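Structure assessment
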Amino acid sequence: MASMEKNQRLPVFDSMEKEENEKKGSSAMTRKGVYAAISYMASAVLLVLFNKAALSSYNFPCANVITLLQMTCSLVILYALNYWKIISFTTEPQTTTNNPATLVPLKTLVHTLPLAISYLLYMLVTMESVRAINVPMYTTLRRTTVAFTMVVEYFLTGAKHSYSVVGSVGIIILGAFVAGARDLAFDAYAYAVVFVANICTAIYLASIARIGKSSGLNTFGLMWSNGIICGPILLFWTLIRGDLGLLINFPHLFSLGFQVVMLLSCIMAFLINYCVFWNTTLNSALTQTICGNLKDLFTVGLGWLLFGGLPFDLVNVVGQSLGFFGSCLYAYCKLRGK
C-alpha cells in the first residue's frame, strides 16, 4: 500500500537529496534537474502561445484577470490533488485535513510571506514595465536578469559560480544588448522600472531556494502558500481597477473557443508555476533564469514560424545567436559539473 501511494505522488523537490549532492561537492545537473528544466521551457512556451491567443486573437483587455483566474485554478487543482492524497504540501508526514484554511499552518504562511510578497511585486512591477517600454527594449533589458540573479543568489544563499558559468552569463548579456541595439532609446523611467522588475525577479527566484529549505514545505506547499497570500490581494487590485466589470461585458466571454483557450492557459499556468519551483529548488535560481532565456529563443522561433511578419535584421539575429550560444554553454557547464 505504501509503495502504491509513493508511486502516485508527483515529483517534488527533495531537500535532502540536494543537500547530499552539495556535500559531495558536485555542481552537475542531475537527470531530474534536466527533466525539470525541459518541463519548464515546454510549459512556458505553450503558456505564451495560449496567452497570446487570449490577449491578441480575442482582444481580451484584462491581463490581471487572466492572472487571477490562473491563480484560482492552481489553488483548486492543488486542493483536489491534496484531497485525493496524490500530493502533500510538506516534506514530512502531516495530519490529514481537508480544511483549506489549515492545509498549511498560519506560522508557516507567515514564514513564506517574503516569498509571496516578492512574487506579487514581481508580477505588478513586470506589468508596469511592459506598459512603460517598447517590446524590443523590454526584452533586451529583461535578459540582464541573469546578472541580478547571480548577485542576489550570492547575498541570500552565498552561492558562487565558476568562471565558465560567469563567462556564459556574460555572453548572454552581450547577446541581449546586441539584439536590441537598434531599438535602444534611453528613457530613465522605463530603464528604472525594468531594472526594478529584474531585481524583483531575482529576489523571487532566490527566495524560492532559500525559503523552500527552511519552511518544511515542498514544491506544492510553496505554490499553495503563494496563492493563498497573493490571491486575495490580486482580487482586491482587480476590483479597484474595474477589470472584473470589463470581464462581465467582454463580448467573447461565452465563446467556446475563448473558454477553451482560457482553460488551457490556466492549466499551463499551473504547470509552469510547478516547474518554476521544481526547477529552481532542484537546480538553482540562475539555472531557472537561463532556462527563461532559452524559452524566449524558442518562443521567438515559433513566432516566426506561426505568425510571421517579423522583419529580418542581421544584428538582431547575431544577438539572438549569442544569447543562444551562451545559454547552451551554461547548460554544458552545469551538465559537466563545471
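Residues numbered from 1 in each chain as written. Predicted model: local features only at pLDDT ≥ 70, side-chain atom pairs only at ≥ 80, totals over all residues. Heavy atoms only, no water.

On to the overall build of the protein, then. A tally of regular secondary structure across the protein gives 15 helices and zero strands. A sequence separation of at least 24 residues applies to 85% of the contacts in the protein between residues at least 6 apart. When the accessible surface of the protein is totalled, it reaches about 17100 Å², and 69% of it is carbon and sulfur. (Helix = DSSP H or I, 4+ residues; strand = E, 2+ residues; numbered from the N terminus. Contact = heavy atoms within 4.5 Å. Areas by Shrake-Rupley, 256 points an atom, 1.4 Å probe, with all protein chains shown as cover.)

Attention shifts here to the packing of aromatic side chains. This model, assessed by the stated rule, comprises 11 aromatic pairs. On the basis of an interplanar angle of 45° and a centroid distance of 5.4 Å, the ring pair of Phe 60 and Phe 258 is categorised as tilted. Of this pair, Phe 60 sits in the loop between α3 (31-57) and α4 (63-83) while Phe 258 sits in helix α13 (residues 256-282); the two residues are 198 residues apart in sequence, bridging distant segments of the chain. When its relative accessible area of 3% is taken as the criterion, Phe 60 is described as buried. The structure contains a cluster of three or more aromatic residues connected by ring pairs, namely Tyr 58, Phe 60, Phe 250 and Phe 258. (Phe/Tyr/Trp six-rings, centres within 6.5 Å; stacked < 30°, edge-to-face > 60°. Buried < 20%, exposed > 50% of the residue type's maximum accessible area, 1.4 Å probe, protein only.)

Right, let's get into the environment of Thr 280. Mapped onto the elements, Thr 280 comes out in helix α13. The exposure class of Thr 280 is buried, given its relative accessible area of 0%. With 68 residues separating them along the chain, Thr 280 and Gly 212 place their C-alpha atoms 9.8 Å apart.

A few words on the pattern of salt bridges. For the structure on display, the rule yields one salt bridge. Measuring nitrogen to oxygen at the nearest pair gives 3.5 Å for the salt bridge that ties Asp 243 to Arg 241. The class of Arg 241 is partly exposed, set by a relative accessible area of 40%. (Salt bridge = Lys/Arg side-chain N within 4 Å of Asp/Glu carboxyl O.)

Counting 44 residues, the largest nonpolar core has Tyr 40, Leu 78 and Phe 89 as the members making the most contacts within it. Of all the secondary-structure elements, those providing two or more residues to this core are α3, α4, α6 (113-132), α10 (188-214), α11 (219-241) and α13. Setting aside its immediate chain neighbours within four residues, Leu 78 contacts Ile 87, Phe 89, Phe 220, Met 223, Trp 224 and Phe 270. One finds Val 65, Ile 66, Leu 253 and Phe 258 within the second-largest nonpolar core, a separate group that totals 13 residues. (Core = buried A, V, L, I, M, F, W, Y, C linked by side-chain atoms within 4.5 Å.)

Packing of α4 against α11 brings their axes to within 9 Å, and their N-to-C directions diverge by 145°. When you trace α4 past α11, the crossing you get is left-handed. Along its contact with α4, which presents Asn 64, Val 65, Thr 67, Leu 68, Met 71, Leu 75, Leu 78 and Tyr 79, the element α11 presents Phe 220, Met 223, Trp 224, Gly 227, Ile 228, Cys 230, Gly 231, Leu 234, Leu 235, Trp 237, Thr 238 and Arg 241. Class assignment for the residues of the contact of α4 with α11 results in 14 nonpolar, five polar and one charged. (Axes fitted to C-alpha atoms, helices over the stretch in contact; angles between N-to-C directions. Left-handed = near helix turned anticlockwise from the far one by under 90°. Nonpolar A, V, L, I, M, F, W, Y, C, P; charged D, E, K, R; others polar.)

The end-to-end C-alpha distance of α11 is 32 Å, a good match for the 33 Å that 23 residues give at a rise of 1.5 Å each. If you look at α11, its biggest bend is around 35°, right at Cys 230, and the proline Pro 232 turns up within four residues after that. The N-cap of α11, judged by a side-chain oxygen 3.0 Å from the amide nitrogen of Phe 220 a few residues on, is Asn 218. In the stretch just after α11, Gly 242 is the one whose phi turns positive, near 80°. (Expected span 1.5 Å × (residues − 1). Bend = angle between axes of the 7 residues up to and from the residue. Polar contact = N/O pair within 3.5 Å; in protein donor to acceptor, adjacent residues only side chain to side chain.)

Before going further, it helps to spend a moment on empty space enclosed by the protein. Scanning all chains against the criterion turns up one cavity of 30 Å³ or more. Considered as a void within the structure, the largest cavity measures approximately 110 Å³ in volume. Lining the largest cavity, in full, are Met 71, Ser 74, Leu 78, Tyr 119, Tyr 204, Met 223, Asn 226, Gly 227, Asn 273 and Phe 277. When residues of the lining of the largest cavity are traced back to their parent elements, those giving at least two are α4, α11 and α13. (1 Å grid on protein atoms, 1.4 Å probe; cavity = no way out; pocket = protein on both sides within 12 Å on 5 of 7 lines; lining within 4 Å. Points joined across faces, edges and corners; volume = space filled by probe spheres on them.)

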